[in-house]
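Residue-level listing of the chains:
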Amino acid sequence: MIHAKQVVKKFGSMRAVDDVSFELGASESLALWGSNGAGKTTLIRCLLGIFPFAGQATINGHDAQQSGKLARALVGYVPQELSFHDDARLGRSIQFFAKLRGKRKTDATRVLEMVDLQGHESKRVRDLSGGMKQRLALAIALIADPPVIMLDEPTSNLDASGRQEVVDTLSRLRETGKTLLFASHRPDEVHTLASRVLVLERGKLVRDVTPKELWPTHRSLQTIRLHTNEDNDDQAASVLRQAGLTVNLNGHGLCVSVPHNRKGEPMTLLAQASIGVRDFEILEELKPIESHDFADCPIDTLATSNQSHGDQP
Amino acid sequence: MTTLSTDQFHGHEIQTHAGPGHTSRMYCTIAFAKREFFDALSSRWFLLYTVAFSVLSIGVSYMSLAGSGSQGFAGFGRTTAGLLNLIMLVVPLMALIAGAGSIAGERERGTLLYLLAQPITRTELLIGKYIGLGIAICCSMGIGFGLSAAVLAFNAGGVGLGSFSMLIVFTCMLALAMLSLGMLLSVLSRRSGIATGLGLFSWLTLVFLSDLGLMAGTVLFKLRVQEVFAIAIINPLQAFKMGVIVNMNASLDVLGPVGSYASRTFGDSLSWILALTLVGWIVFPLGLALILFCKRGGI
C-alpha cells in the first residue's frame, strides 16, 4: 500500500529525513517512533507529497510527488497541530472538506455521527474543545472512507480520557482493515495500535521491529538523558549500544533506558570508555507492557529495549 | 480501486478499500472559490470596504449632481469622472490587502499544510482562492456602483450610462490586477504581516511614488513623449485612468502632451491597448504566483 524508497528531505544542510526506505502492506499498522526532531513529521509530509524530496514514495502505486492528488485521495490525514479556520462553523467546515473529496452533505453528517460530533454543526471551530477538534480532524480524515489513515501524534494535545477515546477509535478502524501509519511518542499507543514500529533517529531509520521486540522487558524501565562532555554523543551512543542498551539521539542529548535499579550503569560504561558526562536528567518511568499502564506516562524520548543495535536495516 | 470488503464502525458501514475520493480540477477550484467568497462576505474587511466605498460613491454622485444643478445633464459622466480618483485610491488598496493575506494567512495559521494534505493540487487552491476573492471584491464594488447608479438614475436619468458601465468594467479589471499582485506577494511572504506590508508599499508606489518617479525621470532623462507614455501605462493605475477617460469620450488632451500623443497615435485602438495592459497585470503576477507556489513546494 505504501512504498518509500530512499526518501531524503533536506532543510538547508540538515537532513531531516535521511535515506528512509520501507514498505507497508494493506491493513498493516505502522508506528513511527523517535524523539523530537527524529524526522517523523517530515516523513509523513513527504509521503503526502506536501514537501518535495529526493527518492520515491508511492501510495497504492501513485507517486506522492508526480500524482500527489491521486495519492492523497487514498489517505485521511490527521495533523499534529489542528489547524482549521477558527471562524468557520463545524458543519460548513466538514462540508467543505467533503466537497474536496467529491462527497455529499449526507456523508459529512454520517461521519460526524461516527465521531460523536452530531448536533455541534452550528458551533464555531474556535469554540470546540481540543478533544472535539481532534475528533473533527478524524471525521475529515474519514469522510471519503480512505484505505489509509496517517496520523501525526494524534493524542499529543489531549488529556488521558481524550487519548483513550482516540486510541479506541483507531483500534476500531484498524479492525475494519484500514492501513494506519502514525507518529507517536507514547509506548501505550504504539503497543495497542501498531503491528510494526519504525524507529527514527536524526532522520535515519535505525530499526524496523514489532512493538514486542522494542519493549521485550516486563520490568519497569527508567529513561535517562545524558549530555556528554564535548558533545561526544555519537561515540557514547556506540559504546552504550555495544553494551546492549538502546539509545536514541536527537541533537538534545542522548536518551538511554535502563532498569530502574541500574541507573548508574550508562555512566559507568561511558567512564570506562573515557567519555565524560557533564549532565543528566531522569525522565519518566516506563511501566511493564503487561499492565498496559502507559496512559499517564508521556515520554518525549525513545524506544527502549535491552536488545543490541545490530538489527539496523 | 474497488471496494473489497466492508465492516462496522460505531454501527456505520466502513469500506476498507474505498474509491479514490478525488474530484475533478474544476470541482475543487469551484469549492475553494465558493469558500473564499463566503469567507470574504462574512469578514469585517469586506463589510468595511463595501460600506466605505458605497458611502463615498453615493457622496460623489450627489456632489456631481449638485455641480450640474441637479438637472441631470451628463450625470453619469460627471460621476464617472468624480469616482475615478476615489477608485484609484480605494480599489487597489482593497484588492492588494485581500490578495496579500490569502496564501500567507493560510500559511501562518497552519491551515495551508492541512489543505495541501487533501486531494487537491496547488493550482486548484491558488486559482480557487483568486476566483473567490475576485468575485467578492467585484461584488463589494458592485454594491457601491449599484447604489450610485440608483441615485443617478433616479435624479438624472440614464445620460452617460455607457461610460459609467465602462468604468465598472475597468474597475473590475483594476481590482483583479491588484489582486493578482497581492497574491504574488502572498506567495512570496512567510507571514501575512509581511505580505500586507509589501501590499501597502506596492499601493503607495503605484498610487503616489510612480507618478513622482515618472515626473522626475522625464525631467532628468529628457524622455520623449512616446517613452513617457510607454512608462506611464506600465502602471496599471495610469492604464485604468486613461482607459476610463477614453471611454468617457473625453479627450486625453486633459493629460497633456502624452495624452495628445496617445490619442493621435493609437486612435480608437487606445482603449483596447489600455485594457490589454490591465489584462497583462492580471495574468502575469497571477501566473508568476502560480509558478512559484507550485515549483517551490513545501509550505
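These numbers were taken from a predicted model, which means no experiment stands behind them. (Residues numbered from 1 in each chain as written. Chains lettered and ligands numbered in written order. Predicted model: local features only at pLDDT ≥ 70, side-chain atom pairs only at ≥ 80, totals over all residues. Heavy atoms only, no water.)

(A) View of the overall build of chain B. When its secondary structure is counted, chain B shows eleven helices and two strands. Listed N to C, the secondary structure of chain B is β-β-α-α-α-α-α-α-α-α-α-α-α in terms of helices and strands. The buried share among the 299 residues of chain B stands at 51%. Expressed as a percentage of contacts within chain B between residues at least 6 apart in sequence, the contacts between residues at least 24 apart total 80%. Carbon and sulfur atoms form 70% of the exposed surface of chain B, whose accessible area is close to 13,100 Å². (Helix = DSSP H or I, 4+ residues; strand = E, 2+ residues; numbered from the N terminus. Buried < 20%, exposed > 50% of the residue type's maximum accessible area, 1.4 Å probe, protein only. Contact = heavy atoms within 4.5 Å. Areas by Shrake-Rupley, 256 points an atom, 1.4 Å probe, with all protein chains shown as cover.)

(B) Spotlight on the sheet that holds strand 7 (residues 148–152) of chain A. Residues and elements named next belong to chain A. In spatial order, the strands read 6-7-8-3-9-10; together these six strands make up an open sheet with mixed pairing. Two strands close off the open sheet at either side, each with one partner strand: strand 6 (75–78) and strand 10 (204–209). Averaged over all neighbouring strand pairs, the angle between strand axes comes to 15°, with direction disregarded. Here four bridges tie strand 6 to strand 7, and the two strands are oriented parallel to one another. From the neighbouring strand, Tyr 77 faces strand 7, where its bridge partner is Met 150. (Pairing = 2+ DSSP bridges. Axes fitted to C-alpha atoms, helices over the stretch in contact; angles between N-to-C directions.)

(C) How the structure looks around the pairing of strand 1 (residues 2–11) of chain A. Residue and element names in this part refer to chain A. Where strand 1 lies against strand 4 (residues 54–59), five bridges are found, and the strand directions are antiparallel. In the strand pairing of strand 4, Lys 5 is matched with Gln 56. Of the pairings in the sheet, the one linking strand 1 to strand 2 (residues 14–24) comprises seven bridges and is antiparallel in character. Its bridge partner lying in strand 2, Lys 10 is registered against Arg 15. Joining the antiparallel neighbours strand 1 and strand 2 is a turn of two residues, in which Gly 12 adopts a positive phi near 65°.

(D) Structural detail: the packing of helix 6 (residues 161–188) of chain B against helix 9 (residues 236–247) of chain B. Residues and elements named next belong to chain B. Here helix 6 crosses helix 9 at 170°, and the two axes come no closer than 9 Å. As summarised for this structure, helix 6 and helix 9 are arranged roughly antiparallel, according to the angle between their axes. Touching Ser 163, Met 166, Leu 167, Phe 170, Thr 171, Leu 174 and Met 178 of helix 6 are Pro 236, Leu 237, Ala 239, Phe 240, Gly 243, Val 244 and Asn 247, all from helix 9. In terms of residue class, the contact of helix 6 with helix 9 is built from ten nonpolar, four polar and no charged. (Parallel < 35°, antiparallel > 145°, perpendicular 65-115°, else oblique. Nonpolar A, V, L, I, M, F, W, Y, C, P; charged D, E, K, R; others polar.)

(E) Fine view of the nonpolar core. Membership of the largest hydrophobic core comes to 154 residues, with the highest contact counts inside it found for Ile 2, Phe 22, Met 150 and Leu 181 of chain A together with Phe 240 of chain B. It is helix 6 of chain B that contributes the most residues to this core, 14 residues altogether. Beyond its immediate chain neighbours, meaning those up to four positions away, Phe 240 of chain B contacts Leu 84, Ile 87, Met 88, Leu 167, Phe 170, Thr 171, Leu 174 and Leu 278 of chain B. Counting 15 residues, the second-largest nonpolar core is a separate cluster that includes Val 239, Leu 245, Val 256 and Ile 275 of chain A. (Core = buried A, V, L, I, M, F, W, Y, C linked by side-chain atoms within 4.5 Å.)

(F) Spotlight on unusual backbone geometry. All names here are of chain A. Positive phi, normally seen in glycine, also occurs at Gln 6, with a value near 50°. Relative to the assigned elements, Gln 6 resides in strand 1. The class for Gln 6 is partly exposed, based on a relative accessible area of 45%. Phi at Ser 27 is positive, roughly 70°, even though this residue is not glycine. Ser 27 gets classed as partly exposed once you look at its relative accessible area, which sits at 37%.

(G) Region of interest: the confidence of the model for chain A. Overall, the predicted model of chain A reaches an average pLDDT of 81, with 88% of residues at or above 70. Throughout residues 288–313 of chain A the model reports pLDDT below 50, and contacts reaching past four residues in sequence, or to other chains, amount to 93 contacts. (pLDDT = per-residue confidence, 0-100.)

(H) The packing of helix 9 of chain B against helix 11 (residues 270–296) of chain B, seen in detail. Residues and elements named next belong to chain B. Their axes nearest at 9 Å, the elements helix 9 and helix 11 cross at an angle of 150°. In terms of axis orientation, helix 9 runs roughly antiparallel to helix 11. Helix-helix and strand crossings are classified by hand; for helix 9 and helix 11 the assignment is left-handed. Between helix 9, through Pro 236, Ala 239, Phe 240, Met 242, Gly 243, Val 246 and Asn 247, and helix 11, the contact on the second element is made entirely by Leu 270, Ser 271, Leu 274, Thr 277, Leu 278 and Trp 281. (Left-handed = near helix turned anticlockwise from the far one by under 90°.)

(I) Molecular detail of helix 6 (residues 160–175) of chain A. Residues and elements named next belong to chain A. The end-to-end C-alpha distance of helix 6, which contains 16 residues, comes to 22 Å, matching closely the 22 Å that a straight helix rising 1.5 Å per residue would cover. The complete set of buried residues in helix 6 reads Gly 162, Arg 163, Val 166, Val 167, Thr 169, Leu 170, Ser 171 and Leu 173. Residue Gly 177 follows helix 6 closely and has a positive phi angle near 100°. (Expected span 1.5 Å × (residues − 1).)

(J) Examining a nonpolar patch on the surface more closely. Nonpolar side chains collect at one region of the surface, where Leu 89, Phe 201, Leu 204, Phe 208, Leu 209, Leu 212 and Met 215 of chain B lie side by side and expose about 660 Å² of accessible area between them. The topology assignment puts Leu 89 of chain B in helix 3 (residues 75–109). (Patch = residues over 30% accessible without salt bridge, like charges linked within 9 Å, V, L, I, M, F, W, Y side chains within 5 Å. Salt bridge = Lys/Arg side-chain N within 4 Å of Asp/Glu carboxyl O.)

(K) Just the side chain of His 85 of chain A, in detail. If you trace the backbone, His 85 of chain A turns up in the loop between strand 6 and helix 3 (90–100). Polar side-chain contacts of His 85 of chain A include one of 3.2 Å to the side chain of Glu 106 of chain B. Residues in contact with His 85 of chain A, not counting those within four places in the same chain, are Val 125 of chain A together with Arg 35, Asp 39, Glu 106, Arg 109 and Thr 111 of chain B. (Polar contact = N/O pair within 3.5 Å; in protein donor to acceptor, adjacent residues only side chain to side chain.)

(L) Here's a closer look at the environment of Pro 187 of chain A. In this fold, Pro 187 of chain A is placed in helix 7 (residues 187–193). Among the residues examined, Pro 187 of chain A registers a relative accessible area of 0% and is labelled buried.

(M) View of the sheet that holds strand 5 (residues 62–63) of chain A. Residue and element names in this part refer to chain A. Pairing within the open sheet is antiparallel, and its four strands lie in the order 2-1-4-5. Of all the strands in the sheet, the pair left with one neighbour each is strand 2 and strand 5. Sheet contacts for helix 1 (residues 40–47): strand 1, strand 2 and strand 4; angle to strand 1, the most-contacted strand, approximately 120°.

(N) Inspection of the side chain of Asp 152 of chain A at higher detail. All names here are of chain A. Secondary-structure assignment places Asp 152 in strand 7. Salt bridges are absent for the buried Asp 152, whose nearest opposite-charge side chain, Arg 45, sits at 5.0 Å. Setting aside residues no more than four positions away along its own chain, Asp 152 makes contact with Thr 41, Ile 44, Tyr 77, Val 78, Pro 79, Gln 80 and Ala 183. (Lys, Arg positive; Asp, Glu negative; His and termini not counted.)

(O) Structural context of the environment of Glu 227 of chain B. Residues and elements named next belong to chain B. With respect to the secondary-structure elements, Glu 227 resides in helix 8 (residues 225–234). Looking at Glu 227, the relative accessible area reads 29%, which means it is partly exposed. Measuring from C-alpha to C-alpha, the distance between Glu 227 and Val 258 comes to 9.2 Å, with 31 residues separating the pair along the chain.

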